[in-house]
Amino acid sequence: MATIVEVSGLEVTGRDDSGRTSALVSDVSFSIDEGEVLALIGESGSGKSTIALALMGYARPGCTVSAGEIRVAGRRLAELDRAGRQRLRGHSIAYVAQSAAAAFNPSRRIIAQVIEPTVIHRTMGDAEARAKAVDLFRALALPDPETIGERFPHQVSGGQLQRLMLAMALMTDPAVVILDEPTTALDVTTQIEVLEAFKVAVRERGTTALYISHDLAVVAQMADRIVVLRKGRVQETGRTAALLASPQHAYTRSLLDAVEPARGVCAGARDETDRGVSVPLLAVSGVSAGYGPLGADGQPAIPVLRDVDLIIGSGSSVGVIGESGSGKSTLARVIAGLLPPVTGTVDFDGKPLGRTVGERSRQELRDIQIVFQMADTALNPAHTVERILARPLTLYEGLDAAARKARVGELLDMVRLPRELAGRLPSELSGGQKQRVNLARAFAARPRLILCDEVTSGLDTVVAAAILELLAELRRELGLAYLFISHDLSTVRAVCDEIAIFYAGSRVELASQAALRLPPLHPYAALLLGSIPELRIGWLDEVAVHRPIAPAAQATGGASRVGCAFFGRCAVSRPGLCEAVRPPHRRLSTGAEIVCHLSESELIEMTVDRTRPGGRAVAGAS
């Protein structure tokens, strides 16, 4: 079998603003045979993307390939001039980025962008390229393959756009395809569809691929071999099955340990103000909300939340889970006063909160703080860490310069960051460090409730586990309550006392973390559970989706719908009832509350193996 990629003794160095040079990648060697999928895995800063760029003859500004050799399809990259490297990219070696939404041009139709590599490299005519694109769309299980290319990028879902990017990469039949975290930003139900489409396309076409990820459970489904990286150096290399079963390096074992957080990591002493006892810390009652002007029916142009109830006790941690478009972040915005509800109320400590930030007192503002998903956009890039943390100290406590400086140091200690970072800009911090600063800014207000909106979704498993552990420690030390929003059910199930599952703007299930592990479940909860990748080879083949699943956005319908929003995707739905009549609330013997027409006994009868998320009757899987 021919070797397609050979990397020997690769070293990439970088120069910082002060002129100092350091090695980003050191003495990295590996090879990829024809038709093989090799995974590079490691936490942020391990050199994965730097190596991928080097394979394409790229280096980031200030960086240089200073040693080693790279061969792709028999050609030595060091011998190619600029024009030669340009001929290589998109023809012999193709790249699939993490965010297809950012990679596609929003002003051009999809088909024109997908066939562009054939135009640039002059590999075929327009008609032949369009026909090949349609064949790829069909192979990647895209809906309406003959016409989807005529849409614009914003007119397709995130999972569809990711598959369209793979189609673009395969247009020139490249010798090797680089897949750089292609499913990291996707919901689990969307991820499983994309992974299956990717795997089928790679297998059927005999594609050679380099798969970059920090998710070992995903890599276990995709890769033949794995290279484990840390701080730019290879820690371990091996066949996927052998490496997962018997890792030799301590760092590899730490990655495996971080795949699923320890259950109850955020468990803490809970106040007796829990559900049904005394006055809860936060009570959301009958809230509906959305975006755009109100219509004649009093509903917003884009309805999102529909009649939502939620209670958070003092010192408790409540998770909110659901796909993109389910209303999770909208709920956080309503609670924070960033979006006024159309109907319903939000009470804090037994008193109604103002509908907007402007209607709330300074004390109410400091009591509820929100931590956004992307620290990169949440932190002012022109301000130092000290200035970022000092702002809430000035606003809420009126501290003088000396007191602010001392408190900034305490906050950095609190989030386990060295005090020397106070003078740095966000661009000089790692992803995990920026998220800790994001948290420290929320803690600066001394809140009682923190809204964590996808705070670990953009982080690798090791860094995410450290952030979760930090939240657990601070919850115990400070008696904080959390609303933890995520699309990662395994994380939420491990770190929260209770989990609220949202679908299309409605809460369909509310359960303790223990109850969520027992049958029966709401059919949508079962679908989510069955879509979480497991750390074993062959899992993806076992859970192959047998019928297309409509994106949540297509099923929403907001406050205008009549029946159950999940009807079109439910494997156990009852036509004539589920789509026509609003489902009732039910309390199960496990203590969970669901919104469903089916009784507990009916759900139990329909319980089958949860490893068929797209199949029939998955409603009660454990």
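Quick caveat: nothing in here was measured; it's all calculated off a predicted structure. (Residues numbered from 1 in each chain as written. Predicted model: local features only at pLDDT ≥ 70, side-chain atom pairs only at ≥ 80, totals over all residues. Heavy atoms only, no water.)

## Some points on the overall build of the protein chain
Okay, so step 1: Tallying secondary structure elements over the protein chain gives 23 helices and 22 strands in all.
Okay, so step 2: Viewed in the frame of its principal axes, the protein chain has a C-alpha envelope of about 75 × 70 × 50 Å.
Okay, so step 3: With 622 residues in all, the protein chain has 54% of them scored as buried.
Okay, so step 4: Relative to all contacts within the protein chain whose residues are 6 or more apart in sequence, the contacts with residues 24 or more apart total 68%.
Okay, so step 5: Carbon and sulfur atoms make up 51% of the accessible area of the protein chain, which amounts to about 25500 Å² in all.
Okay, so step 6: Distance between charge centroids for the protein chain: 3 Å, based on 68 positive and 70 negative side chains. (Helix = DSSP H or I, 4+ residues; strand = E, 2+ residues; numbered from the N terminus. Buried < 20%, exposed > 50% of the residue type's maximum accessible area, 1.4 Å probe, protein only. Contact = heavy atoms within 4.5 Å. Areas by Shrake-Rupley, 256 points an atom, 1.4 Å probe, with all protein chains shown as cover. Lys, Arg positive; Asp, Glu negative; His and termini not counted. Charge placed at Lys NZ, Arg CZ, Asp CG, Glu CD.)

## Quick word on the packing of aromatic side chains
Okay, so step 1: Under the definition given, this model contains three aromatic pairs.
Okay, so step 2: The structure contains a cluster of three or more aromatic residues connected by ring pairs, namely Tyr503, Tyr524 and Phe566.
Okay, so step 3: Positioned over the ring face of Tyr58 is Arg89, at 3.8 Å from the centre of the ring. (Phe/Tyr/Trp six-rings, centres within 6.5 Å; stacked < 30°, edge-to-face > 60°. Lys NZ or Arg CZ within 6 Å of the ring centre and 35° of its normal.)

## Some details on unusual backbone geometry
Okay, so step 1: Cis rather than trans, the peptide bond between Pro519 and Pro520 has omega equal to 0°.
Okay, so step 2: For Pro520, the position within the fold is in the loop between β20 (506–512) and α20 (523–530).
Okay, so step 3: In the Ramachandran plot, Asp307 falls in the positive-phi region, its phi being about 50° despite a non-glycine side chain.
Okay, so step 4: With respect to the helices, strands and loops of the structure, Asp307 is situated in strand β12 (residues 300–312).

## A few points about the pairing of strand β18 (residues 481–486)
Okay, so step 1: Among the six residues in β18, six count as buried, and that is most of the element.
Okay, so step 2: Burial of the side chains of β18 extends over both faces: Ala481, Leu483 and Ile485 are buried on one face and Tyr482, Phe484 and Ser486 on the other.
Okay, so step 3: Pairing geometry for strand β13 (residues 317–321) and β18, over five bridges, is parallel. Residue Ser317 lies in a different strand from β18, and its bridge partner there is Tyr482.
Okay, so step 4: In this structure, strand β17 (residues 449–453) lies alongside β18, joined through five bridges in parallel fashion. By the bridge assignment for β18, Asp453 is matched with Ile485. (Pairing = 2+ DSSP bridges.)

## A few points about the confidence of the model for the protein chain
Okay, so step 1: Of the residues in the protein chain, 91% reach a pLDDT of 70 or more, and the chain-wide mean stands at 87.
Okay, so step 2: Across the protein chain, the secondary-structure element scoring lowest on mean pLDDT is helix α22 (residues 552–555), at 40, and the one scoring highest is helix α4 (residues 110–114), at 97.
Okay, so step 3: This model gives residues 266–275 a pLDDT under 50, and the stretch forms 29 contacts once residues within four places in sequence are excluded.
Okay, so step 4: Below pLDDT 50 for its whole length, residues 545–560 participates in 36 contacts with residues either more than four positions away or in separate chains. (pLDDT = per-residue confidence, 0-100.)

## Here we look at the state of the cysteines
Okay, so step 1: By the definition in use, this model includes zero disulfides.
Okay, so step 2: Free of any disulfide, Cys596 has its nearest neighbouring cysteine sulfur in Cys570, separated by 6.5 Å.
Okay, so step 3: The exposure class of Cys596 is buried, given its relative accessible area of 9%. (Disulfide = S-S within 2.5 Å.)

## Observations regarding the side chain of Lys132
Okay, so step 1: By secondary structure assignment, the location of Lys132 is in helix α6 (residues 126–139).
Okay, so step 2: For Lys132, a relative accessible area of 16% puts it in the buried group.
Okay, so step 3: Within the structure, the side chain of Lys132 is placed 2.8 Å from the side chain of Asp173, a separation counted as a polar contact.
Okay, so step 4: With residues near it in sequence (within four places) discarded, Lys132 still touches Met124, Leu170, Met171, Asp173 and Arg205. (Polar contact = N/O pair within 3.5 Å; in protein donor to acceptor, adjacent residues only side chain to side chain.)

## Quick word on the sheet that holds strand β22 (residues 593–595)
Okay, so step 1: The sheet built from eight strands is open, its strands ordered β16-β17-β18-β13-β19-β20-β22-β21 with mixed pairing. Sheet topology places β16 (368–371) and β21 (585–587) at the edges, where each strand pairs with a single neighbour. Here the average twist between neighbouring strands, direction ignored, is 20°.
Okay, so step 2: When β21 meets β22, the two strands line up antiparallel, connected through three bridges. From the neighbouring strand, Arg586 faces β22, where its bridge partner is Ile594. (Axes fitted to C-alpha atoms, helices over the stretch in contact; angles between N-to-C directions.)

## Topic: helix α8 (residues 188–205)
Okay, so step 1: When the terminal C-alpha atoms of α8 are compared, their 25 Å separation across 18 residues agrees well with the 26 Å that a helix rising 1.5 Å per residue should span.
Okay, so step 2: In terms of burial, α8 is largely enclosed, as 13 of its 18 residues are buried.
Okay, so step 3: Just downstream of α8 lies Gly206, where phi reads positive at about 65°. (Expected span 1.5 Å × (residues − 1).)

## Points about the sheet that holds strand β4 (residues 63–72)
Okay, so step 1: Strands sit in the order β2-β1-β4-β5 across an open sheet of four strands; the sheet is antiparallel. Since the sheet does not close on itself, it has two edges, and those belong to β2 (21–33) and β5 (75–76), each with one partner.
Okay, so step 2: As paired elements, strand β1 (residues 3–15) and β4 share eight bridges and run antiparallel to each other. By the bridge assignment for β4, Glu11 is matched with Ala67.
Okay, so step 3: Set on the sheet, helix α1 (residues 48–55) makes contact with β1, β2 and β4; between it and β1 the angle comes to about 115°.

## A look at the packing of helix α15 (residues 385–397) against helix α17 (residues 431–443)
Okay, so step 1: Relative to each other, α15 and α17 sit at 25°, their axes nearing to 8 Å. In terms of axis orientation, α15 runs roughly parallel to α17. The hand of the α15/α17 crossing is right-handed. Within the contact between the two elements, α15 uses Val385, Ile388, Leu389 and Pro392 and α17 uses Val437, Ala440 and Arg441.
Okay, so step 2: For the contact of α15 with α17, a count of residues per class yields six nonpolar, no polar and one charged. (Parallel < 35°, antiparallel > 145°, perpendicular 65-115°, else oblique. Left-handed = near helix turned anticlockwise from the far one by under 90°. Nonpolar A, V, L, I, M, F, W, Y, C, P; charged D, E, K, R; others polar.)

## Remarks on the environment of Phe484
Okay, so step 1: Positionally, Phe484 belongs in strand β18.
Okay, so step 2: Residue classification places Phe484 among the buried positions, given a relative accessible area of 1%.
Okay, so step 3: For the pair Phe484 and Gly319, spaced 165 residues apart in sequence, the C-alpha to C-alpha distance is 4.5 Å.
Okay, so step 4: When residues no more than four places from it in sequence are discounted, the contact partners of Phe484 are Val318, Gly319, Val320, Cys452, Val455, Thr456, Leu468, Leu471, Thr491, Val492 and Cys496.

## Side note on the side chain of Arg569
Okay, so step 1: Positionally, Arg569 belongs in the loop between α22 and β21.
Okay, so step 2: Look at Arg569 and you get buried, because its relative accessible area is 5%.
Okay, so step 3: One polar contact links Arg569 to Glu323, side chain to side chain, over a distance of 2.8 Å.
Okay, so step 4: Among the polar contacts listed, one links the side chain of Arg569 to the side chain of Tyr503, at a separation of 3.4 Å.

## What to know about helix α16 (residues 401–414)
Okay, so step 1: Taking 1.5 Å of rise per residue, 14 residues should cover 20 Å, and α16 covers 20 Å from first to last C-alpha, within 8% of that figure.
Okay, so step 2: Contacts made by the buried residues of α16 are with α15, α17 and α18 (461–478).
Okay, so step 3: Directly after α16, the chain includes Arg416, whose backbone phi takes a positive value near 60°.

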